Amino acid sequence: MAAQPEATAQTAGLKHPRLRGKDMTATEMKRNQGNDELPCLSNYALWKECFYEKVQQRCLSLQEKKVKMIRAQKAREEKIKRREPCDWLFKEWFSEVKESLDTRIYLLDKLLPTLIPGMEKLLMEVERRNVLSPDKEPTKFNPINFLGEYLMRHNPQYSISRKPGPYLRGMKMLTEELKTKMPGTTSKRLARMKAEAKSKRHNREQVDNMKSQVKEMRKEALANQFKQWTVDVNGRIPAALVQSALRSFLDVIASAPTDERKAIYNRKLEILDTLEKKVNIDEFTEYVHSYTEHFSNDLFQEILKHLCQCADNFQVAIRHDMWRQMFADLFLDCDYGKVGLLDRQKILALLADFYDRSPVIARRGFCNPRQWPIIELQEIEPADLWGGLDDPEVCEELSVKLVLSQTGISGGEILAYEPVGDNRQGTNRIRTSSREDLFEQMGMTEAKTGGISKEENQAPESSDAEDAPLAEVVKETPAGEESFSRQRGSQFGQQTSSETRLQDEDLLPDQGKDLHPIMAEIQNRWASHTRSAFDESCLNLPQFVQLMETFVGEDISLPTVKTLIAFIKEEYKQTEEEKMEQLEKVHHISHMARRKLLLEALFEKWDNNASGFLDLEEVDAVLSTFKEGMEKEALRKAKKHLCSRYPQLSRVGKLSPRAFQTFLELVASEFTGNEDEAIDNLVEFLTTSVERSRMECLRSLTRRKWLHNIQQAAETSGASMEPVYKAVFKALSQDAEAHGDNKKISAYIALLEENQLSPGHGQFLLRYVACTADDAPYVLNQTLYKDMKGVSFAAVEEGKPIHVPRVQFHGNIHFWNYDCPVEERKGSFLVLPLHDARWRAFGILGLDTLRDQCEKTIFLTHEISFYQGVSHAFSKAYHHIHTLENVLQMTVTALDWLYPRAPSIHNVIMYLVEPGKDKIQDYALRKIITMDNTGQKEIHSSPVLLLRKENFLRDYLFKCIDSSEVIRTSVYGEYHIAAALHDLSGQALGLFDISIRHQQKLPPHEHKDLQKMLKMAQAACSEILKMSLEETEPTYVLGSEHVANLRHAGILFHQFMLQDLRKCVQKLNAQSFAEIKSYAEPPALVHNIVKAVLLLFHPNWKVSEEMENWSQCKLKLDDNLIQEIYCFDPTAASVQDQADLLLDCITGVPRAAVRQHGGAPAEYLYDWVHTCLSLAEITRSLDHEKPL
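In this text, all values refer to a predicted model and were calculated from it rather than measured experimentally.

Calculation criteria
- Residues numbered from 1 in each chain as written.
- Predicted model: local features only at pLDDT ≥ 70, side-chain atom pairs only at ≥ 80, totals over all residues.
- Heavy atoms only, no water.
- Helix = DSSP H or I, 4+ residues; strand = E, 2+ residues; numbered from the N terminus.
- Buried < 20%, exposed > 50% of the residue type's maximum accessible area, 1.4 Å probe, protein only.
- Contact = heavy atoms within 4.5 Å.
- Areas by Shrake-Rupley, 256 points an atom, 1.4 Å probe, with all protein chains shown as cover.
- Core = buried A, V, L, I, M, F, W, Y, C linked by side-chain atoms within 4.5 Å.
- Pairing = 2+ DSSP bridges.
- Polar contact = N/O pair within 3.5 Å; in protein donor to acceptor, adjacent residues only side chain to side chain.
- Salt bridge = Lys/Arg side-chain N within 4 Å of Asp/Glu carboxyl O.
- Expected span 1.5 Å × (residues − 1).
- Phe/Tyr/Trp six-rings, centres within 6.5 Å; stacked < 30°, edge-to-face > 60°.
- pLDDT = per-residue confidence, 0-100.
- Axes fitted to C-alpha atoms, helices over the stretch in contact; angles between N-to-C directions.
- Parallel < 35°, antiparallel > 145°, perpendicular 65-115°, else oblique.
- Left-handed = near helix turned anticlockwise from the far one by under 90°.
- Nonpolar A, V, L, I, M, F, W, Y, C, P; charged D, E, K, R; others polar.

S.K.: Whenever I open this one, the overall build of the chain confuses me. Can you help?
M.R.: Of the regular secondary structure elements, the chain holds 44 helices and 21 strands. When the 1188 residues of the chain are sorted by exposure, 47% land in the buried category. Of the contacts formed within the chain by residues at least 6 apart in sequence, a portion of 71% connects residues at least 24 apart. For the chain, the exposed area adds up to about 61100 Å²; of that, 52% sits on carbon and sulfur atoms.

This is the structure we're talking about:
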């Protein structure tokens, strides 16, 4: 328990100044000078603002005038220089002699600029007076006096300098040049700086020129690249596609360092969620260049290559989008009852018939409808998955028996019936000619071009009739282009939602109108229904479209697609009984959805304080008055059935929403008459049995929103608990403020752990894993033992909340904050146990009001009920994340198993599906695990979130989630396989994105191993999800699974693999080993496999003659060995570990050789030994780990 001063968020640094009124006095201004606050700018300083503004304007004008004068002076000097060139006689003063450099600089700078003009004047005066003429008598002219007078008149310090002549200008230039030669002078430094600046300017100009050239070259390259995109009639493409291509480039260069990938774009990429905004060639060039102008040449070449691949993908996507629209129209044509469903087994049978009748060349492009991924892995028998049946004809024969047996159609019927007229439900008669002509025509078309039609092989500018639809798709209006497959995927999902589920307004039944507001609020909290759930018996629209697209593959011609559509449209038939059966199924789904919504709303009305449960006795007491107590016997039977289904009810007496719904359905089933009417009567009776004020309803509504935020935090956290803790404490503080008289509370969460370090303090301990921020220094990571003071263990053992109204009067409270004085330890304390789905305590949620200084700090009844709801919401969120962690742990195990068996797989990325922020953004994909071709795995600590609107060119991931089906496609020049992991309802929980680089298909044995991994991962995922259900107890097959749930998830993948192999071995008998026994001297690998199997049961035989002598060893291959294999538990403590010896027997044995020499039985034994070794190794490693 923590006691802390009130925590308020403080901002570091100076405080913000307070604004004052206009009449602020001088006293107040003087008082402010001593405060810590910044002085505020009031009206007393307005004159300063005006003064500074005027001075600044005047300075700027003077500066501008001075600059103009300097520029004009330089222009005049340049003009004079051009008109009167310098006299080059001044160069006589230039010399490299450093000894006289200082003297010459002084003479040229100080003396000669004044003396030389004086000498010129003197000479001119001498010439004018003819002083030097010999025939003239001497005059009184004194040249020294004349020169002295001139120098005095033209003293440079007092007189205005006259206009310099060409010689003086040259001398000035020479003086400046000589000054630069004088070391240590300002001129020298200035000259060096000027030279450096000039050099830098020159280099910068060269760089700018080069950048300009590179820019033009890149823009030209981008303009050429734009021509590879498929444009509309106006020569434009959607800007969202360009943005998606740029965004996906980060994943293409994923091998680059993280820092480089983060800084690859100099500005954040825009997010465009519509295809209406388009760009032409110039806009495309500028847009792409603005993001890539700082790229290196190599990186720019990479993005050009990437854009070319995106353009090709876009062109293929347009063609496939046209096919998808044709398949959607086919679905609507075949949906005679307009229920939004087609018979899946009939469609598979028709695809198999079409596949068999297609020419061999055309068949190569199809996906075999009798194999995965057309059929689901759960529909494949273990013997077919694990056996060595490599012959495709054998596989097809086995699979077609499965399809025909499930549809009830014989092989002859599927090839021989045809409709009479237009009545598709009418009688059938034999026909062969028209269908054979159809397939012969398709064969001729395919044979001409090797699988691709002649029309599609021609140049794009050709105007063939078959290419016209494609041109219509390409050259469509902006509104029409919104049907592009990226957005149609979600449209298909919405259409499915409206056909297989009712719209929101349809889910509001006429009964229970008083519950309509609550029902509407529940609908707003429900996730969107764009994801389809897998159903082995029927297909909805997105599933049918995806199934057809998977069947036709990537390279099938348009005429072949049209032939397939015509075939399905003509041959798909439905009887009246089948139509009624589908209608009844859809109505049943709709009816159950209405009932679930109605009963959930009734539960919330009864659970007014959002505690998350109802008291069974209270509900039973009210129901006992139904029909004046005439139905007590039916109520007693229903209660008995309920307790048998939920054993924990007899102990805790709490009804969850699911148990409450089950209870009412059981009660109604015990009544005589129609069950639906009985449910409606019960709902009406229970609705009128409780009355809630408007204030209570608003409080309940607000609290349920806060609880929903806790669950949403768990679903969008990427399997992290931190957002959940924050959401819990936020909900508690919001309720304390809004409905708890603004109490100041402390909150903390502690989880139960097994006490292994100090068992003397008790078998278990409570470790505090989260708390409010102010209590962290005192509470976080603390450990509470059972023998310490406190009531928390009492709450855990009793399974009920414990409320201490005044802690100062209770002698058994443990205080974590020892800094708080004893006299200040006042307040209320509440401990709530945390329960899992089967009401087993796994921790506590504690609250106290020790930080609240008010007198009324006791928790009220409605507050305690809501805090129970918070603990219930946290429990659901905690176990949701715990389930995801188990799924991820199982995924890591599955990838470890797959890596050595499928080296052709380049990388595998595992995504989890998260709900979107709103109904428009229905869901998002979070990248969790990445495994490369070296086996290195990365579990992302900060997972990347993928949104549909940001990844138009990677929509195959979202198609996989929408349809819950496997997708094979080519993206960015690499082939991908997207396979979904389903939850218990059949919707996608996550998916594997498997890249096989440039191979269209995996090798056969790797393809089969991939199927094994996906099947086992799905089975293990379903088992993990069942563990969190309150009415389902976990099924333990192996001994080590009883230890802990974490261990259960760790070995679950190999457990299901072991179960599959057990089924395969169980179908064997003594005659199945005839081929192995027929060897007089068997191959070494066969003998080693048999030895490895026998050593698991009899480890003491490792050096015996029975193991080494084949004639005695093969005698052990009998029915008794088969039964031992079926019952063997490799994780049992009694099994001796002979791993090294077994590995010596089977290491290096290729599976292909096992299949060749020993057949299916030897392969079963080989895989069984490997699985047993894997389970034993995992069990041994978990024994050395410390369980939490």
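S.K.: What am I meant to see in unusual backbone geometry here?
M.R.: What you tend to see is this: most non-glycine residues have negative phi, and most peptide bonds are trans. Here the bond from Trp372 into Pro373 is cis, since omega is 15 degrees, no more than 30 degrees from zero. If you check the backbone angles, Asn781 has positive phi at about 70 degrees while not being a glycine. Mapped onto the elements, Asn781 comes out in the loop between α32 (776-779) and β11 (783-785). Look at Asn781 and you get exposed, because its relative accessible area is 54%. Phi is positive for Trp839, close to 60 degrees, though the residue is something other than glycine. Along the chain, Trp839 falls in the loop between β13 (829-835) and β14 (841-848).

S.K.: Any chance you could explain the nonpolar core here in plain terms?
M.R.: Buried together is how nonpolar side chains tend to be arranged in soluble globular proteins. Counting 128 residues, the largest nonpolar core has Ile568, Leu1010 and Trp1168 as its most contacted members. Here this core gets 13 residues from one element, more than from any other, and that element is helix α44 (residues 1151-1183). Excluding residues that lie within four positions of it along the chain, Leu1010 makes contacts with Trp372, Leu898, Ile905, Ile977, Ile994 and Leu1002. The next biggest cluster of nonpolar side chains, apart from the first, holds 48 residues, and it includes Ile303, Ile318, Ala978 and Ala988.

S.K.: Just to check I follow, could you spell out the pairing of β13 for this structure?
M.R.: Every other side chain in a regular strand lies on the same face of the sheet, so the side chains alternate between the two faces. Counting buried positions along β13 gives seven out of seven residues, so the element sits mostly inside the fold. Alternating residues of β13 divide into Phe829, Val831, Pro833 and His835 and Leu830, Leu832 and Leu834, and every residue in both groups is buried. Pairing of strand β12 (residues 802-804) with β13, which is carried by three bridges, proceeds in the antiparallel orientation. If you follow Val804 over to β13, its bridge partner there is Phe829.

S.K.: Any chance you could explain the side chain of Arg218 here in plain terms?
M.R.: Mapped onto the elements of the fold, Arg218 is located in helix α6 (residues 186-226). At 3.2 Å, the side chain of Arg218 forms a polar contact with the backbone oxygen of Thr292. One polar contact links Arg218 to Asn297, side chain to side chain, over a distance of 3.2 Å.

S.K.: What should I look at first to understand the pattern of salt bridges in this one?
M.R.: For side chains bearing opposite charge, pairing can occur when the charged atoms are close. For the coordinates displayed, the defined rule picks out 38 salt bridges. Between Glu675 and Arg595 there is a salt bridge whose closest N-O contact spans 3.6 Å. Separated by 80 residues along the polypeptide, Glu675 in helix α29 (residues 675-689) and Arg595 in helix α24 (residues 576-606) bring together distant segments of the chain. Classification of Arg595 as buried rests on a relative accessible area of 8%. Salt bridges sharing partners connect three or more residues here, namely Arg595, Glu665, Glu675 and Asp676.

S.K.: Looking at this structure, how should I read helix α39 (residues 1084-1097)?
M.R.: The α-helix winds at 3.6 residues per turn, so residues separated by three or four positions along the chain end up facing the same way. Look at α39: 21 Å from first C-alpha to last across 14 residues, which is about the 20 Å you get at 1.5 Å a residue. Counting buried positions over the 14 residues of α39 gives 12, a clear majority of the element. Three or more residues of α39 are buried, namely Leu1085, Val1086, His1087, Ile1089, Val1090, Lys1091, Ala1092, Val1093, Leu1094, Leu1095, Leu1096 and Phe1097.

S.K.: Explanation requested: the environment of Arg767 in the structure shown.
M.R.: Within the fold, Arg767 resides in strand β10 (residues 764-771). Through-space distance from the C-alpha of Arg767 to that of Asn781 is 6.1 Å; in sequence the pair is 14 residues apart. Beyond its immediate stretch of four places on either side in the chain, Arg767 contacts Ile749, Ala750, Leu751, Glu753, Asn781, Gln782 and Thr783.

S.K.: Is there a simple way to think about the pairing of strand β20 (residues 974-982) in this case?
M.R.: Counting buried residues along β20, seven of its nine residues qualify, which places the element largely inside the surrounding structure. Relative to β20, strand β19 (residues 967-971) runs antiparallel, the two being bridged by five bridges. Note on β20: the bridge partner recorded for Thr969 is His976. From the end of β19 to the start of β20, which pair antiparallel, there are two residues, and Tyr972 there has a positive phi angle of about 55 degrees. Where β20 lies against strand β21 (residues 988-995), seven bridges are found, and the strand directions are antiparallel. What sits directly across from Ala978, in β21, is Asp993. Once β20 ends, the chain turns through five residues before running back antiparallel as β21, passing Gly986 with a positive phi of about 95 degrees.

S.K.: Whenever I open this one, the packing of aromatic side chains confuses me. Can you help?
M.R.: The full count for this structure, using the stated rule, is 29 aromatic pairs. Considering the side-chain rings of Trp229 and Phe314, the 5.9 Å spacing of their centres and the 45 degrees angle between planes classify their relative orientation as tilted. A residue pair is termed long-range when its members are at least 10 positions apart, and Trp229 in the loop between α6 and β1 (237-238) and Phe314 in helix α10 (residues 297-334) qualify at 85 residues. Phe314 matches Trp229 in its accessibility class, with the two residues each being buried. Ring centres of Phe366 and Phe551 lie 4.8 Å apart, and the angle between their planes is 5 degrees; on these two criteria the pair is classed as stacked.

S.K.: Would you take a moment to explain the confidence of the model for the chain for this structure?
M.R.: Summary statistics for the chain give a mean pLDDT of 79 and a share of 80% for residues scoring 70 or more. Looking at the elements of the chain, mean pLDDT is at its lowest for helix α15 (residues 411-416), recorded as 35, and at its highest for β21, recorded as 94. pLDDT under 50 marks residues 3-43. Its contacts with residues more than four places away, or in other chains, come to 31 contacts. Taken as a whole, residues 389-505 scores under 50 in pLDDT and shows 221 contacts with residues more than four places along the chain or in a different chain.

S.K.: Before we go on, may I ask you to explain the packing of helix α7 (residues 239-252) against helix α9 (residues 281-292) in this structure?
M.R.: Two quantities define a packed helix pair, namely the angle between the helix axes and the distance between the axes. The N-to-C vectors of α7 and α9 enclose an angle of 25 degrees; their axes lie 11 Å apart at closest approach. As the angle between them shows, α7 and α9 are arranged roughly parallel. In this structure, α7 meets α9 at a crossing whose hand is right-handed. On the side of α7, the interface is formed by Val242, Gln243 and Leu246, while α9 contributes Phe284, Tyr287, Val288 and Tyr291. Across the contact of α7 with α9, the residue classes tally to six nonpolar, one polar and no charged.

S.K.: Please explain the side chain of Lys1015 as it appears in this structure.
M.R.: Turning to its location among the elements, Lys1015 is positioned in helix α36 (residues 1004-1026). The contacts of Lys1015, once residues within four sequence positions are left out, are Leu377, Gln378, Ile380, Pro382, Leu385 and Asp1060.

S.K.: What's the story with the packing of α24 against helix α28 (residues 657-670) in this structure? I'm lost.
M.R.: Two elements in contact, α24 and α28, have axes separated by 10 Å at closest approach and are oriented at 115 degrees. Between α24 and α28, the crossing angle belongs to the class labelled roughly perpendicular. The interaxial crossing formed by α24 with α28 has right-handed handedness. Listed contacts from α28 to Met592, Arg595, Lys596, Leu599, Leu602 and Phe603 of α24 are Pro657, Phe660, Gln661, Leu664 and Glu665. Each residue belonging to the contact of α24 with α28 can be placed in one class, and the counts come to seven nonpolar, one polar and three charged.

S.K.: Before we go on, may I ask you to explain the environment of Tyr336 in this structure?
M.R.: In this structure, Tyr336 sits in the loop between α10 and β3 (342-343). On the basis of relative accessibility, which here comes to 19%, the residue Tyr336 falls in the buried class. For the pair Tyr336 and Lys579, spaced 243 residues apart in the sequence, the C-alpha separation amounts to 7.8 Å.

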